[in-house]
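What the coordinates show
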Amino acid sequence: MVRRIDVSGAGGVRLAAWEFADSPKIDPPRGDPSGTGTPSGEAGTGITPGEIERAPGVLLLHGLMGRASHWAPTARWLSERHRAVALDQRGHGQSEKPPEAAYTRGAYVEDAEAALEQLDLGPAVLIGHAMGALTAWQLAAKRPDLVRGLVICDMRASALGAASQREWENWFKAWPVPFATLADVRKWFGEDDPWVERPNPSRGEFYAEVMAESPDGWRPVFEPEQMLKSRETWVYDARWEELTQVQCPALVVRGLDGELGRAESQEMVRVLPNGQYAEVADAGHLVHYDQPEAWRAAVEPFLDEALR
């Protein structure tokens, strides 16, 4: 079962949070097959509302261009023992995308902070992928009272620079939008995209989930300009100092074929006051999509310790 809860973020931006509850007798389909933008779930739950409220909290934060429903498989196994909530961050998913809103690091961090407080979720474990991981460790440094554990999935702490931002600008321009069908989306992002070194069906599925049907075809549910604005607030600056301020247990997870290299990930673990390391073989940047079972095997023991 999954339910939507609206949260008021920084500047009053409306954010959609999705709370998952365990349905042990039902195996619902992955992701958002209906195309409605609502994370999949089935009625019926083995956890009472009171038990959900008392369970240890976990807040899941997607990466740039992602959405809460990308966390659905992870949230389902989490909800067997934890209160699992995934947040559509500003400009993403079903959260508001006002053009005048701030797409700054501070705004994203304040949004996650507001979600923890308004949902009475903290102190919680934060699980973040890419940009969501940066938001998570910045919040952990800012509000240690709200964060009891941290999982950083494939996010670099070093600056990426102007060349990286230009590369992304050109990449967005290369998208053949609108796509005629979702099959075309899956094929382009899973095979034809110049950034794809070898066929990657899970990458195609990932991007299919952030598309919505419009009169002329399938387009992303986000505005590329807002994504670039969001990205430019971290690509030029390193974030090592904030890692040193994270006091809670923290797990750095990398896909062996992802964007976070081994040397940098191990340096991140070293500077974290209470850092641990895990890697997932045969996984790229989308670790939790590429190898969901191995991802769970890497994260679950850490959660058991952090939420003990």
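Here's a quick rundown of the structure.

The secondary structure content of the protein amounts to 12 helices and 10 strands. The proportion of buried residues among the 308 residues of the protein is 56%. For the protein, long-range pairs separated by at least 24 residues make up 70% of all intrachain contacts whose partners lie at least 6 apart in sequence. Entry remark: accessible area of the protein is about 12800 Å², with carbon and sulfur atoms responsible for 49%.

Bringing helix H12 (residues 292–306) into the picture now. Between the first and last C-alpha of H12 there are 21 Å, a value that for 15 residues agrees with the 21 Å anticipated at 1.5 Å per step. The largest bend in H12 is about 30°, located at Val 299, with the proline Pro 301 one to four residues further on. In this structure, the buried residues of H12 make contact with helix H2 (72–78), strand S5 (124–129), strand S6 (147–153), strand S9 (250–255), strand S10 (275–280) and helix H11 (287–290).

With that settled, the discussion passes to helix H3 (residues 105–118). Along its 14 residues, H3 runs 20 Å from first to last C-alpha, staying within 8% of the 20 Å computed at 1.5 Å per residue. Counted residue by residue, H3 has 10 buried out of 14 residues, so it is predominantly covered. Of the residues making up H3, those classed as buried are Arg 105, Ala 107, Tyr 108, Val 109, Asp 111, Ala 112, Glu 113, Ala 114, Ala 115 and Leu 116. Immediately downstream of H3, the backbone of Asp 120 shows phi near 50°, a positive value.

So, on to the pattern of salt bridges. Taken as a whole, this structure holds 21 salt bridges when the rule is applied. The salt bridge partner of Glu 19 is Arg 83, with a shortest N-O separation of 2.8 Å. Linking Glu 19 in strand S2 (residues 14–20) with Arg 83 in strand S4 (residues 83–88), this pair joins segments that are 64 residues apart in sequence. In terms of burial, Glu 19 and Arg 83 fall into one category: buried. We note a salt bridge from Arg 143 to Asp 145, for which the minimum N-O separation is 2.7 Å. According to the relative accessible area criterion, Arg 143 is buried, its value standing at 18%. Judged by its relative accessible area of 46%, Asp 145 falls in the partly exposed class. Through salt bridges with shared partners, one network takes in Glu 113, Glu 117, Lys 142, Arg 143 and Asp 145.

A word on the sheet that holds S10. On the basis of which strands lie adjacent, the open sheet formed by eight strands has the order S1-S2-S4-S3-S5-S6-S9-S10 and mixed pairing. Edge positions in the open sheet fall to strand S1 (2–8) and S10, since each of these has one partner strand only. Across the sheet, the axes of successive neighbouring strands diverge by a mean angle of 20°, strand direction being ignored. Helix H10 (residues 262–271) rests against S6, S9 and S10 of the sheet, and its axis sits at about 155° to S10.

Okay, the pairing of S1 next. The sheet contact formed by S1 and S2 spans seven bridges and is antiparallel. Across the sheet, residue Val 2 finds its bridge partner in S2, namely Phe 20.

Glancing now at the packing of aromatic side chains. To describe a pair of aromatic rings, you give the distance between the ring centres and the angle between the ring planes. Tallied over the full model, the rule gives 18 aromatic pairs. Measuring from centroid to centroid gives 5.4 Å for Phe 206 and Tyr 207, while their planes differ by 70°, and the two rings are edge-to-face. With a relative accessible area of 6%, Phe 206 lands in the buried category. One aromatic cluster is present, built from ring pairs that chain together Trp 168, Trp 171, Phe 172, Trp 175, Phe 179, Trp 188, Phe 189, Trp 195, Phe 206, Tyr 207, Phe 222 and Tyr 289.

The next point concerns the side chain of Gln 89. Tracing the backbone shows Gln 89 in the loop between S4 and H3. In this structure Gln 89 comes out as buried when scored by relative accessible area, which is 3%. If sequence neighbours within four positions are ignored, Gln 89 has contacts with Leu 15, Leu 61, His 62, Ser 95, Tyr 108, Met 131, Gly 132 and Thr 135.

The subject of this paragraph is the nonpolar core. By size, the foremost hydrophobic cluster in this structure holds 69 residues, and its most contacted members are Met 65, Trp 137, Leu 150, Ile 152 and Trp 175. The biggest single contributor to this core is helix H4 (residues 131–142), with eight residues. Non-local contacts of Met 65, meaning those with residues more than four positions away in its chain, are made with His 92, Trp 168, Trp 171, Phe 172, Trp 175, Tyr 207, Val 210, Phe 222 and Met 227. By size, the runner-up hydrophobic cluster in this structure holds 31 residues, among which are Val 2, Trp 18, Ala 75 and Leu 303.

The rules behind each value
Residues numbered from 1 in each chain as written. Predicted model: local features only at pLDDT ≥ 70, side-chain atom pairs only at ≥ 80, totals over all residues. Heavy atoms only, no water. Helix = DSSP H or I, 4+ residues; strand = E, 2+ residues; numbered from the N terminus. Buried < 20%, exposed > 50% of the residue type's maximum accessible area, 1.4 Å probe, protein only. Contact = heavy atoms within 4.5 Å. Areas by Shrake-Rupley, 256 points an atom, 1.4 Å probe, with all protein chains shown as cover. Expected span 1.5 Å × (residues − 1). Bend = angle between axes of the 7 residues up to and from the residue. Salt bridge = Lys/Arg side-chain N within 4 Å of Asp/Glu carboxyl O. Pairing = 2+ DSSP bridges. Axes fitted to C-alpha atoms, helices over the stretch in contact; angles between N-to-C directions. Phe/Tyr/Trp six-rings, centres within 6.5 Å; stacked < 30°, edge-to-face > 60°. Core = buried A, V, L, I, M, F, W, Y, C linked by side-chain atoms within 4.5 Å.

Read these as geometric descriptors, not functional statements.
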